[in-house]
Amino acid sequence: MTKTMQAVEITAPGGPDVLKLTERPVPEPRPGEVVIRVAWAGVNRPDALQRAGSYAPPPTASDLPGLEASGEIVALGPNVSDWAIGDKVCALLPGGGYAEYVATPAAHCLPVPEGMGMKEAACLPETYFTVWSNVFQRGGLQAGERFLVHGGSSGIGTTAIQLAAHFGARVFATAGSAEKCRACTDLGAERAINYRDEDFVEVLRAEGGADLILCMVGGSYIARNLKTLADDGRLVQIAFLQGPKAEVNFAPLMMRRLTFTGSTLRPQSDLAKARIAEALRREVWPLLDAGRIAPVMDSEFALADAAAAHARMEAGGHIGKIVLKVAG
């Protein structure tokens, strides 16, 4: 294995143009880790937040962006027994995915689903870990419940719609154009709400309110989400695209027994992420193997064009996942 690799680094906090190709040493696996020769890397909003200087990586993580990738295991650290050199995997990463090689805990790897290409597999970890842990584990979504996901055409949204619909929920989604709304209903949403033309609060209240809302907007949506919830409803916050501050009347939390919670994935412990991986392998990977659900793909860019990929994501017109082609 070569000693150096091509990678994309953040040269300074800023816009997409601060992403530059560089050369770095190939990482060495620590105990419990594997090194993956990266085929494809997923592009996610936390990468853009890190690039802008507002989402620092954990102290032990690579400073390179990239939270998910697919590829082939080429090195095993001490105490790794579940994987072998040559295994094809996709993996949740602590960072470093925008590179030809990356190290990650072996317990955060999952097999490439049967019949799925490496490009599609690279899009699974970040969104599926996030959706499963927040919608099903933290949010407790049950069959028959009314579920609202904001940003239904995003990578998170398209994943949440498919999984919620498969497990028997009534799915509602918001999106910002007719094309995006059609994508949501094609994936299994009962109703897609164009937030530019309709009030999601009114639509859901007419249905009896949402039992669970997955929100990455924040800001003014916080108070509106609380109004949207049915009695005993749950609001799960996973990002704040509109900002984390709002003036909110919290009396309804007591009066209507509401739950307002949230999480971020990256700062969680390796053990917590390993447990999510175990649940996904048991509950979700058979659906991917059977082709019953699949990632929605938007566009691909070369590793050297990571800046263009970020510009595409931040322009807001994409539907589904954006990926970087690294090798193969």
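Residues numbered from 1 in each chain as written. Predicted model: local features only at pLDDT ≥ 70, side-chain atom pairs only at ≥ 80, totals over all residues. Heavy atoms only, no water.

Draft legend 1. A look at the nonpolar core. Phe147, Leu214, Leu280 and Val284 are the most contacted members of the largest nonpolar core, which totals 44 residues. The dominant element in this core, judged by the number of residues it contributes, is helix α3 (residues 125-138), at 6 residues. The contact partners of Val284, leaving out residues within four places of it in the chain, are Tyr128, Trp132, Leu163, Ala279 and Ile293. Within the second largest apolar cluster, 27 residues are counted, among which are Ile36, Ala69, Ala309 and Leu324. (Core = buried A, V, L, I, M, F, W, Y, C linked by side-chain atoms within 4.5 Å. Buried < 20%, exposed > 50% of the residue type's maximum accessible area, 1.4 Å probe, protein only. Helix = DSSP H or I, 4+ residues; strand = E, 2+ residues; numbered from the N terminus. Contact = heavy atoms within 4.5 Å.)

Draft legend 2. Structural detail: the pattern of salt bridges. On inspection of all chains with the given rule, the structure shows 16 salt bridges. The shortest N-O distance in the salt bridge between Arg234 and Glu145 comes to 2.9 Å. Pair noted here: Arg234 is in strand β12 (residues 229-237) and Glu145 is in the loop between α3 and β8 (146-149), with a separation of 89 residues, a long-range link. Of the two residues, Arg234 and Glu145, neither departs from the other in class, the shared state being buried. As a salt-bridge pair, Arg224 and Asp199 come within 3.0 Å of each other at their nearest N and O atoms. Residue Arg224 is found in helix α7 (residues 221-228), and its partner Asp199 is found in the loop between β10 (191-194) and α6 (200-206); the two are separated by 25 residues along the sequence. Residue classification places Arg224 among the partly exposed residues on the basis of a relative accessible area of 27%. Among the residues examined, Asp199 registers a relative accessible area of 27% and is labelled partly exposed. Here the salt bridges do not stand alone but share partners, grouping Glu9, Arg24 and Asp63 into one network. (Salt bridge = Lys/Arg side-chain N within 4 Å of Asp/Glu carboxyl O.)

Draft legend 3. Expanded view of the environment of Gly95. Here Gly95 is to be found in the loop between β5 (88-92) and β6 (101-105). Gly95 sits 92 residues away from Leu187 along the chain, and the two C-alpha atoms are 30 Å apart.

Draft legend 4. How the structure looks around the sheet that holds β10. Spatial ordering of the open sheet is given by β10-β9-β8-β11-β12-β13, a layout of 6 strands whose pairing is parallel. Single-partner strands in this sheet number two, and they are β10 and β13 (259-262). The sheet shows a mean angle of 20° between the axes of neighbouring strands, taken without regard to direction. Strand direction decides the pairing type here: β12 and β13, joined by 4 bridges, are parallel. Its bridge partner lying in β13, Gln237 is registered against Gly262. Across the sheet, α3 is in contact with β8, β11 (210-215), β12 and β13; its angle to β11 comes to roughly 160°. Set on the sheet, α7 makes contact with β8, β11, β12 and β13; between it and β12 the angle comes to about 145°. (Pairing = 2+ DSSP bridges. Axes fitted to C-alpha atoms, helices over the stretch in contact; angles between N-to-C directions.)

Draft legend 5. Main features of the layout of surface pockets. Each pocket or cavity is described by its volume, and for the largest pocket that value is around 1200 Å³. Along its surface, the largest pocket is lined by 49 residues, and Arg45, Ser154, Met216, Ala239 and Leu241 are the ones closest to its centre. At the level of secondary structure, the elements contributing two or more residues to the lining of the largest pocket comprise α1 (45-52), α3, α4 (155-166), β9 (170-175), α11 (306-315) and β15 (321-325). With 5 residues, the single largest contributor to the lining of the largest pocket is α3. Together, 17 residues line the second largest pocket, and Asp82, Trp83, Ala106, Ala107 and His108 are the ones closest to its centre. For the lining of the second largest pocket, the element with the most residues is helix α9 (residues 270-283), which contributes 5 residues. (1 Å grid on protein atoms, 1.4 Å probe; cavity = no way out; pocket = protein on both sides within 12 Å on 5 of 7 lines; lining within 4 Å. Points joined across faces, edges and corners; volume = space filled by probe spheres on them.)

Draft legend 6. Structural detail: the side chain of Arg256. Here Arg256 lies in the loop between α8 (251-255) and β13. Side-chain polar atoms of Arg256 contact the backbone oxygen of Leu229, separated by 2.7 Å. Contact partners of Arg256, with chain neighbours within four places excluded, come to Arg205, Leu226, Lys227, Leu229, Ala230, Asp231 and Asp232. (Polar contact = N/O pair within 3.5 Å; in protein donor to acceptor, adjacent residues only side chain to side chain.)

Draft legend 7. Seen up close, unusual backbone geometry. We note that Asn79 has phi near 70°; this positive angle belongs to a residue other than glycine. Within the element layout of this structure, Asn79 appears in the loop between β4 (68-76) and β5. When its relative accessible area of 72% is taken as the criterion, Asn79 is described as exposed. Non-glycine residue Arg257 carries a positive phi angle of around 55°.

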